[in-house]
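Notes for the structure review
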Amino acid sequence: MAANAQRYLLSWDGQLTGSAVRRLSCQHASCTFRTDAQVPGLATLTEESRFQWRHDRVVFQRYQRDLQLLLFPQSVSIVREADGQFVTQRKGKTRRYPGQDDAVDLLGLEVQLRADRLAGKTPKASYALAEVKGITPVSLTRLDNVTLTLNGKAWGTEVYERRDGQRLTTLWLAPDLGFVPVQIVHQDGPETYRMIWQGPAD
């Protein structure tokens, strides 16, 4: 996929609002997909996936998420080491577990989904997700197509639902935009956040 950057309106639990920019960039086969989001005066979030692009497939290398909520920082990292082991850090605790060649992180899974659709392929029904405590299966289900009106324009979208445990993420991908998500809704227990596409960032 071509490098791109997109702007989003961010809504947290339907009350707090902010903005986000999501950027995909590659140098040769080394790629980064990054989200920078903020709710002014309350929170900032940086989420980044680094991966290799090999044979039309995302090969996970590193995932990092940093959330600053008021005065309380939260960080999570997952790294594939040279020996194939995955090393994770959260709340000062380090874990190691055997890696898996086809494992992806949440952002890498989205990139793979978009790449498959651009190539006219049917996405996989399940993926091996690299998490803090180990590899977790995550399901991907295609729902009925939906037309969304954003900024006064109607966009036809393919809708996918990603579920792992109690977390549910729904993505509305617009074929006319290279399958860029024009809406993302993430539900994790009682919390819900929504991102609505506002246009290219550059």
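So, a few notes on the structure that sits alongside this text. Because the structure is predicted, anything quoted here is derived from the model rather than measured. (Residues numbered from 1 in each chain as written. Predicted model: local features only at pLDDT ≥ 70, side-chain atom pairs only at ≥ 80, totals over all residues. Heavy atoms only, no water.)

On to the overall build of the protein. Summing up its helical and strand segments, the protein has one helix and 14 strands in all. What you see for the protein is a C-alpha radius of gyration of 17 Å, in line with the 17 Å of a compact globule of 202 residues. Across its three principal directions, the C-alpha atoms of the protein cover 50 × 45 × 35 Å. Among the 202 residues that make up the protein, the fraction classed as buried is 44%. Contacts in the protein between residues at least 24 apart in sequence constitute 36% of all its contacts with a sequence separation of at least 6. Split by element, the accessible area of the protein, about 10,800 Å² in all, is 49% carbon and sulfur. (Helix = DSSP H or I, 4+ residues; strand = E, 2+ residues; numbered from the N terminus. Rg over C-alpha atoms; globule rule 2.2 N^0.38 Å. Buried < 20%, exposed > 50% of the residue type's maximum accessible area, 1.4 Å probe, protein only. Contact = heavy atoms within 4.5 Å. Areas by Shrake-Rupley, 256 points an atom, 1.4 Å probe, with all protein chains shown as cover.)

Attention now goes to the pattern of salt bridges. If charged atoms from side chains of opposite charge come close, those side chains can pair. Under the definition given, this model contains 10 salt bridges. Taken together, the shared-partner salt bridges connect Arg34, Asp36, Glu48 and Arg50 into one network. (Salt bridge = Lys/Arg side-chain N within 4 Å of Asp/Glu carboxyl O.)

What follows deals with the pairing of strand β1 (residues 4-12). In terms of burial, β1 is largely enclosed, as seven of its nine residues are buried. Two elements, β1 and strand β2 (residues 16-27), share nine bridges in a ladder whose sense is antiparallel. The partner of Arg7 across the bridge, within β2, is Val21. Between β1 and β2, which follow one another and run antiparallel, lie three residues, and Asp13 among them has a positive phi close to 55 degrees. Examined bridge by bridge, β1 and strand β14 (residues 191-200) share seven bridges and lie antiparallel to one another. When the bridges of β14 are listed, Trp12 appears paired with Tyr193. (Pairing = 2+ DSSP bridges.)

Secondary-structure assignment places Gln85 in strand β7 (residues 85-90). Take Gln85: its relative accessible area is 25%, and that puts it in the partly exposed class. Separated by 42 residues in sequence, Gln85 and Tyr127 place their C-alpha atoms 18 Å apart. Those residues in contact with Gln85, other than ones at most four positions away along the chain, are Val79, Arg80, Arg96, Tyr97, Pro98 and Gly99.

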